[in-house]
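What the coordinates show
Residue strings, one per chain:
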There are 2 protein chains.
Amino acid sequence: MSKPSPTARERIVAGAADMISRRGLNATSIREMAKHAKAPLGSTYHYFPDGKQQLATEAVRFTGAWVARSLRKELAAGPVAGLLAFLDLWRGIVVDTDFRAGCPVLAVSIEEPPVDETPAALLAAAEVFEEWEGLLAGSLREHGAEPEQAAQLATLVVAAVEGTVAMCRAKRSTEPLDRTAEQLRALIETAIGKR
Amino acid sequence: MSKPSPTARERIVAGAADMISRRGLNATSIREMAKHAKAPLGSTYHYFPDGKQQLATEAVRFTGAWVARSLRKELAAGPVAGLLAFLDLWRGIVVDTDFRAGCPVLAVSIEEPPVDETPAALLAAAEVFEEWEGLLAGSLREHGAEPEQAAQLATLVVAAVEGTVAMCRAKRSTEPLDRTAEQLRALIETAIGKR
DNA sequence: GCTAGACTATGACGGCCGTTATAGCCAGTG
DNA sequence: CACTGGCTATAACGGCCGTCATAGTCTAGC
């Protein structure tokens, strides 16, 4: 019992992240999110008074923090270890869900915002990408990469992994992840001057 | 008048591709697709008797063929030229739509399929990715890359570009595309032994 | 025990969804 | 001219949507 059982609020956020990662934001209804978390519909508007946007925003941040935690931990062993952890994390999600789930941050990123304002969830998605890139770029710099090279490579890694996960879902195969992993691993090893 | 004015059917397919690339499949209604193409709702079910799935499938194939055409043409000048054309094509879409549209193939790829079958549109998305990868890989092999290296690199390029486009939308900036472009260009030049 | 405040239960609101059915128009062929 | 077949127009079907309102239940602190 080192971990307290999650509150209803936490269950809703985690469940929302899962459902958004499967169907996208617009296609996920608040009723389904509530049911998925075994919470009453009224509770979602109690915990998230700003409605769907707030819930989506928290789901994005929840996923962002979860991945960043894993990334931070594994990057202690170097950029290649971090990359492999990043890849394995997404590979696990894709395989465990039989190619039905992906990344909720990506899902939120590709929904058209209204003309007049930028939704909070989209801003959160941008921040999450920025955080992941920052972690990778920092580790690359620490291991000898030039700052600009590190920034470019970090962006490439995040983008490639996100895109690869989507391709794996379409093809119902992990082969794209295998190929991307090999290329990125070699690229990082070169960038940090491993020989 | 070298090009005949598009038929209503073509307008619907092209419009559907555009709308799916903005909002995702589930969030795009048939009524809106019809209105966007200035076609009556009844016509969509006349031209596409199998409904939304058929329309989505044709939209994916339409985009796939359009991109493949551009890719084939530019790859004649070598893999780097092909990469730059691929990047510029998506950059144009993202910029021209003020970061509101992306790739409809990616959008279709990240929608959860029903438990019992795989939707036609998802199969089409997998085929389109395969086609783009094949074109790139073929050009890389022709310019001296090892077959396995070519296949891996082609997958990385497609995945990275798709992911980068999504990141650009979230950040409302083309900087991710600039970074990814630089990294991929260098990578391809190395792979084909340019010096 | 009592009360305040956190949470739940329930139902309603207008609105859009995918799909189907049916009747009408209107070109082109004979 | 009639008429056929491609296309349109219109309405309807059941169903789910996001959101809000209201009344009920439960628990913690006095």
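Residues numbered from 1 in each chain as written. Chains lettered and ligands numbered in written order. Predicted model: local features only at pLDDT ≥ 70, side-chain atom pairs only at ≥ 80, totals over all residues. Heavy atoms only, no water.

Quick look at the packing of aromatic side chains
For any pair of aromatic rings, the description consists of the separation of the ring centres together with the inter-plane angle of the planes. Residues and elements named next belong to chain B. Just so we agree on the cut-off: Put simply, two rings from Phe, Tyr or Trp (the six-membered ring, in Trp's case) pair if the centres are within 6.5 Å, and we call them stacked under 30 degrees between planes, edge-to-face over 60, tilted for the rest. The way it works is that DSSP assigns letters per residue, a run of H or I at least four long becomes a helix, a run of E at least two long becomes a strand, and they are numbered from the N terminus. With a 1.4 Å probe rolled over the protein chains alone, any residue whose accessible area is under 20% of its type maximum counts as buried; one over 50% counts as exposed, and the rest are partly exposed.
Counted by the stated rule, this structure contains eight aromatic pairs over all chains. Note on F86 and W132: the rings are 5.8 Å apart at their centroids and 70 degrees apart in plane angle, and the pair reads as edge-to-face. In this pair, F86 sits in helix α5 (residues 79–96) while W132 sits in helix α7 (residues 120–142), placing the two residues 46 residues apart along the sequence. In this pair, the class of F86 matches that of W132, namely buried.

Observations concerning the state of the cysteines
In plain terms, the rule: Count a disulfide wherever a pair of cysteine sulfur atoms falls within 2.5 Å.
Under the definition given, this model contains zero disulfides over all chains. For the unlinked cysteine C168 of chain A, the closest cysteine sulfur is that of C103 of chain A, found at 13 Å.

Looking at the UniProt feature "DNA-binding region" (unreviewed entry) in chain A
Note the cut-off: UniProt positions are given in the numbering used here, feature names are shortened, and annotations may be inferred rather than shown by experiment.
Per the UniProt record, the feature "DNA-binding region" (unreviewed entry) sits at residues 29–48 of chain A. A helix fraction of 70% and a strand fraction of 0% characterise residues 29–48 of chain A, whose end C-alpha atoms lie 14 Å from each other.

Concerning the protein's contact with DNA strand D
Stated precisely, the cut-off is as follows: Definition of nearness: a residue and a molecule or strand are near each other if at least one heavy atom of the residue lies within 4 Å of the molecule or strand. Under this definition, polar contacts are N or O atom pairs within 3.5 Å; protein pairs additionally need one hydrogen-donor-capable and one acceptor-capable atom, and for neighbouring residues in sequence, both atoms have to be side-chain atoms. Side-chain classes are defined by residue name, with Ala, Val, Leu, Ile, Met, Phe, Trp, Tyr, Cys and Pro counting as nonpolar, Asp, Glu, Lys and Arg as charged, and the others, Gly among them, as polar.
Close contacts around DNA strand D come from 14 residues, with S29, R31, Y45 and K52 of chain A together with S43 of chain B the closest. In the environment of DNA strand D, a phosphate oxygen lies 3.0 Å from a nitrogen or oxygen atom belonging to the backbone of I30 of chain A. In the model, a base nitrogen of DNA strand D is placed 2.5 Å from a nitrogen or oxygen of the R31 of chain A side chain. Elements with a minimum of two residues in the surface near DNA strand D: α2 (30–36) and α3 (41–47) of chain A together with α3 (41–47) of chain B. Within the surface near DNA strand D, the residues separate by chemical class into five nonpolar, five polar and four charged.

Details of the interface of chain A and chain B
The criterion, for reference: The contact criterion used throughout is that any non-hydrogen atoms of two residues lie within 4.5 Å. Buried area: the accessible surface (1.4 Å probe) lost by two parts on joining, summed over both. When a carboxyl oxygen of Asp or Glu lies within 4 Å of a side-chain nitrogen of Lys or Arg, that pair is called a salt bridge.
With 45 residues of chain A at the contact, the number on the chain B side is 45 residues. Contact with chain B buries area across many residues of chain A, yet I110, E112 and Q183 of chain A alone supply 17% of it, more than any other trio. Connecting chain A to chain B are 12 salt bridges. Between R22 of chain A and E112 of chain B there is a salt bridge; the shortest N-O distance is 3.0 Å.

Focus: helix α1 (residues 8–23) of chain A
Residue and element names in this part refer to chain A. Under the convention used in this document: Expected span of a helix: the number of residues minus one, times 1.5 Å.
When the terminal C-alpha atoms of α1 are compared, their 22 Å separation across 16 residues agrees well with the 22 Å that a helix rising 1.5 Å per residue should span. The set of residues buried in α1 consists of I12, V13, G15, A16, A17, M19, I20, S21 and R22. The inward-facing, buried residues of α1 abut α2, α3, α4 (52–75), α6 (104–109) and α8 (147–171). Looking one or two places after α1, you find G24, whose phi comes out positive at around 90 degrees.

Comments concerning the protein's contact with DNA strand C
Surveying the vicinity of DNA strand C reveals 14 residues, the closest of which are S43 of chain A together with S29, R31, Y45 and K52 of chain B. Take the atoms of DNA strand C that sit within 4 Å of the protein: sugar and phosphate atoms are 64% of them. Within the backbone of I30 of chain B, one N or O atom sits 3.0 Å away from a phosphate oxygen of DNA strand C. Elements that contribute at least two residues to the surface near DNA strand C include exactly α3 of chain A together with α2 (30–36) and α3 of chain B.

Let's talk about the UniProt feature "domain: HTH tetR-type" (unreviewed entry) in chain A
With numbering matched to this structure, UniProt assigns "domain: HTH tetR-type" (unreviewed entry) to residues 6–66 of chain A. Helix makes up 74% of residues 6–66 of chain A and strand makes up 0%, while its end C-alpha atoms are separated by 15 Å.

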